[in-house]
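Structural characterization, general
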Amino acid sequence: MKPAFYKISPVNIEGRGSNRLMVVLRTKGCEYAKKTGGGCTVCGFLNHADQSITSEDIIAQVDFVLQNCDLSIVEELDILTLGSFFNDSEVEPRTRLAIMERLAKIKHVRRVSVESRAEYVTVEKIKEIKQALGPDKILEFGIGLESANDYLRNTVIKKGLTKKSFENTVAKVKEAGANLLTYLLVKPPHVSEREAIDDAVQSAAYVFQAAKKYGVSARAAFEPVFVCENTYLETLYLNSKYRLLNLWSVVEVIKNAHQYGCIFVGLSDEDLSLERMPYSCSQCNKQIVSEIENFNRTQDITGITGLDCQCKAAYLEKMANGDI
Ligand code: SF4
Ligand SMILES: [Zn+2]
């Protein structure tokens, strides 16, 4: 059985360039999304969920990617689900362990990431999978904070996560001996291009501040927003009330946020966007994407700062005039 999505892309692991295999396992889906009638306003994961998925199906998906991807070039495995890895009714404890035991056997994999909403996280659950992975691998716990701004996070994105709850989770991650990965959106609904850049940079500053406060090693992963079907965001987009993020804004975010710590920019749309993704122009789009991937690998912004194109002046002018 195939996962909902998988992809290999460049990443930096503790200062060294490498590749990660990102897998989104098809599961029963996000309980929060089901309970709240849609969940987060930009998330299209429910479109992929399947109520009939069993533990065996989940393990079969892991086996599929392990057998069908070129693991020789991969040193990081991101095992994501359509909701929360630590929600027992989505991924049973025995399934979590069975997955980790498989990954533990791949000697050259140095880092494993999993992700969950805060309400399912306990120190014991993190410790349990860390132990199954063994002492040679870094376990990274991922959480979607999306924005450090309470209004954007809980009123606009409808994340249902307080900063207090986020920080309690950071403390648990520390206690369990794992690292922290925090996902941040770039351009949620109802913000201008300028506000989106500022929010993403301020959110990264907050994440690294919180990590320092709790003494945990951290990365921030920016997720430039794309438009998924059957979401509130899609309704806005189709009514011309949401404008796609310009890729130059992602460049700005990287330039301003890399000073705070190790950052990663997610460029994958998990086949959910129908090509409604951040874009610049036909001349420079590919080059910007390639430099962002290069940055993900090296953490060096030289290539990013050297980017230029005729479309940039128009972008800057529109932003200055408040047109985007
Ligand atoms: S972003 Fe995460 S928490 Fe929000 S609806 Fe999607 S899967 Fe659930
Ligand atoms: Zn251009």
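Residues numbered from 1 in each chain as written. Chains lettered and ligands numbered in written order. Predicted model: local features only at pLDDT ≥ 70, side-chain atom pairs only at ≥ 80, totals over all residues.

As a further point, take the overall build of the protein. A count of helical and extended segments in the protein gives 12 helices and 8 strands. Taking 324 residues into account, the globule formula puts the C-alpha radius of gyration at 20 Å, and the protein, at 19 Å, falls close to it. By principal-axis analysis of the C-alpha atoms, the protein measures approximately 55 × 40 × 40 Å. Taken across its 324 residues, the protein has 47% of its residues classed as buried. Considering only contacts within the protein whose residues lie at least 6 apart along the sequence, 78% involve residues at least 24 apart. (Helix = DSSP H or I, 4+ residues; strand = E, 2+ residues; numbered from the N terminus. Rg over C-alpha atoms; globule rule 2.2 N^0.38 Å. Buried ≥ 20, exposed ≤ 12 C-beta atoms within 10 Å, placed from the backbone. Contact = placed C-beta atoms within 7 Å.)

The subject of this paragraph is helix α10 (residues 285-298). A rise of 1.5 Å per residue sets the reference length of α10, with its 14 residues, at 20 Å; its end C-alpha atoms lie 20 Å apart and thus fit the reference within 8%. For α10, the elements touching its buried residues are β1 (5-13), α9 (247-257), β8 (262-265) and α11 (302-305). After α10 finishes, the residue Q299 shows a positive phi value of roughly 65°. (Expected span 1.5 Å × (residues − 1).)

At a closest axis distance of 8 Å, the pairing of helix α3 (residues 93-104) and helix α4 (residues 123-133) adopts a crossing angle of 30°. In terms of their interaxial angle, α3 and α4 are classed as roughly parallel. Here α3 runs over α4; the crossing is right-handed. Every residue of α4 that contacts α3 at R96, L97, M100, E101, L103 and A104 is listed here: E128, I129, A132 and L133. Across the contact of α3 with α4, the residue classes tally to 7 nonpolar, no polar and 3 charged. (Axes fitted to C-alpha atoms, helices over the stretch in contact; angles between N-to-C directions. Parallel < 35°, antiparallel > 145°, perpendicular 65-115°, else oblique. Left-handed = near helix turned anticlockwise from the far one by under 90°. Nonpolar A, V, L, I, M, F, W, Y, C, P; charged D, E, K, R; others polar.)

This brings us to the site of ligand 1. In the neighbourhood of ligand 1, the contacting residues comprise C30, Y32, A33, G39, C40, C43, F45, G83, R117 and G144. Taken together, the residues of the shell around ligand 1 break down into 6 nonpolar, 3 polar and 1 charged. (Near = placed C-beta within 6 Å.)

So, about the packing of helix α2 (residues 55-68) against α3. Here α2 crosses α3 at 15°, and the two axes come no closer than 10 Å. Judged by the angle between their axes, α2 and α3 are roughly parallel. Viewed along their axes, α2 and α3 form a crossing whose handedness is right-handed. When α2 is examined against α3, the residues S55, I58, I59, V62 and L66 are found in contact with a partner set consisting of R94, T95, A98, I99 and R102. Per-class residue counts for the contact of α2 with α3 are 6 nonpolar, 2 polar and 2 charged.

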